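Residue-level listing of the chains:
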Amino acid sequence: MSPPLFSSEKENIKLVPNIQKHVDDFLAFIIGEELKEYSNPLVPFTQRAKEIRTYAQASFGRLQNCLQHGMIVLKKHFELQENQENQKSPESEDSSFTTVIKGFEELRKKMQEPAFSIITMFQAGPIQEQILLPWAFMDRAYKIAKQLLEEKSYEDAEAAFLVLRFLHSEVFEYWVGEACALQGQGKLEDAVSSYIGSLLLQPSNAFIFFQIASCLYQANEIPGCLKALELCLEHAKNDPAQTALMQEAEIARQVLENRAA
């Protein structure tokens, strides 16, 4: 039996050995690049390298565990759909959960190739395209993730959206869905990071700036909140469809400015 792509240990953020090897190669590259420009005489580079390695290792571990959680969530809901009356099988083979299992198996095989590296994997384009995963699966998984978000099952929604974003990072809706799920859990810093990620795809989206302002307000970061509201208003002012959002943002800005006065 082939080893899993992701470890089954949820509490211990150890990476699968095959993945760990590629992470180590990736970190060696990153640390080497950092060394070329490093010029802080107060902090030895060995300490800086250790900080980079510790942070990256924890980040990859969290990513691994959240992806695993997302796969479990999606599998559960795919099966629930298929067990419902009058839907004993998925709409098509392309939308079945087995397609993503086969896709991750292909990715696992690629990771065993001598020339494989994490850097080249992400440079090669969306993973969805590299493993030939059909859009029928992506669309079905997105509907499930969106439903979980609407039901306020935020932790499961976050994990499901992360799977989608991992597979295709150039879809605006995946970033926003993940950000909303993070915000719903009170993970405000992570939510802001995901909202900012979505702005790389739609840099003038006024709604996203409003959501960032909302997160910063919850975090009691009032100066940042006001700045985000200003950007929201700036991008909304020339769009008639954003009138209601613009009014809400203007009221929020006035309230905060009056409070600070």
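Draft legend 1. Examining the environment of Y174 more closely. By the element assignment, Y174 lies in helix α8 (residues 172–184). Between the C-alpha atom of Y174 and that of L164, which follows or precedes it by ten residues, the distance is 6.4 Å. Apart from residues no more than four positions distant in its own chain, Y174 is found in contact with W135, M138, Y142, F161, L164, R165 and H168.

Draft legend 2. Geometry of helix α11 (residues 222–236). With 15 residues, α11 extends 21 Å from end C-alpha to end C-alpha; this agrees with the ideal 21 Å at 1.5 Å per step. Residues of α11 that are buried include every one of C225, L226, A228, L229, C232, L233 and A236, and no others. For α11, the buried positions fall inside an angular range of 160° around the axis, keeping them on one side. Looking at the buried side of α11, the elements it contacts are α10 (206–218) and α12 (243–260).

Draft legend 3. Looking closely at the nonpolar core. Core analysis: the biggest nonpolar cluster contains 69 residues, and L74, V100, L107, F137, L167, Y195 and I212 have the highest contact counts within it. Among the elements that line this core, the one with the most residues is helix α7 (residues 154–167), at nine residues. The residues contacting V100, other than those within four sequence positions of it, are M71, L133, F137 and L167.

Draft legend 4. Quick peek at the pattern of salt bridges. Scanning the entire structure with this criterion turns up eleven salt bridges. The salt bridge partner of K21 is D25, with a shortest N-O separation of 3.4 Å. Residue K21 and its partner D25 are located together in helix α1 (residues 17–37), separated by four residues, close to a single helical turn. We classify K21 as partly exposed; its relative accessible area is 46%. A relative accessible area of 44% means that D25 is categorised as partly exposed. In this structure, R48 and E34 form a salt bridge, with 3.0 Å as the shortest nitrogen-oxygen distance. Residue R48 is found in helix α2 (residues 45–83), and its partner E34 is found in helix α1; the two are separated by 14 residues along the sequence.

Calculation notes
- Residues numbered from 1 in each chain as written.
- Predicted model: local features only at pLDDT ≥ 70, side-chain atom pairs only at ≥ 80, totals over all residues.
- Heavy atoms only, no water.
- Helix = DSSP H or I, 4+ residues; strand = E, 2+ residues; numbered from the N terminus.
- Contact = heavy atoms within 4.5 Å.
- Expected span 1.5 Å × (residues − 1).
- Buried < 20%, exposed > 50% of the residue type's maximum accessible area, 1.4 Å probe, protein only.
- Arc of directions from axis to C-beta.
- Core = buried A, V, L, I, M, F, W, Y, C linked by side-chain atoms within 4.5 Å.
- Salt bridge = Lys/Arg side-chain N within 4 Å of Asp/Glu carboxyl O.

Function cannot be read off these values alone, since they describe shape.
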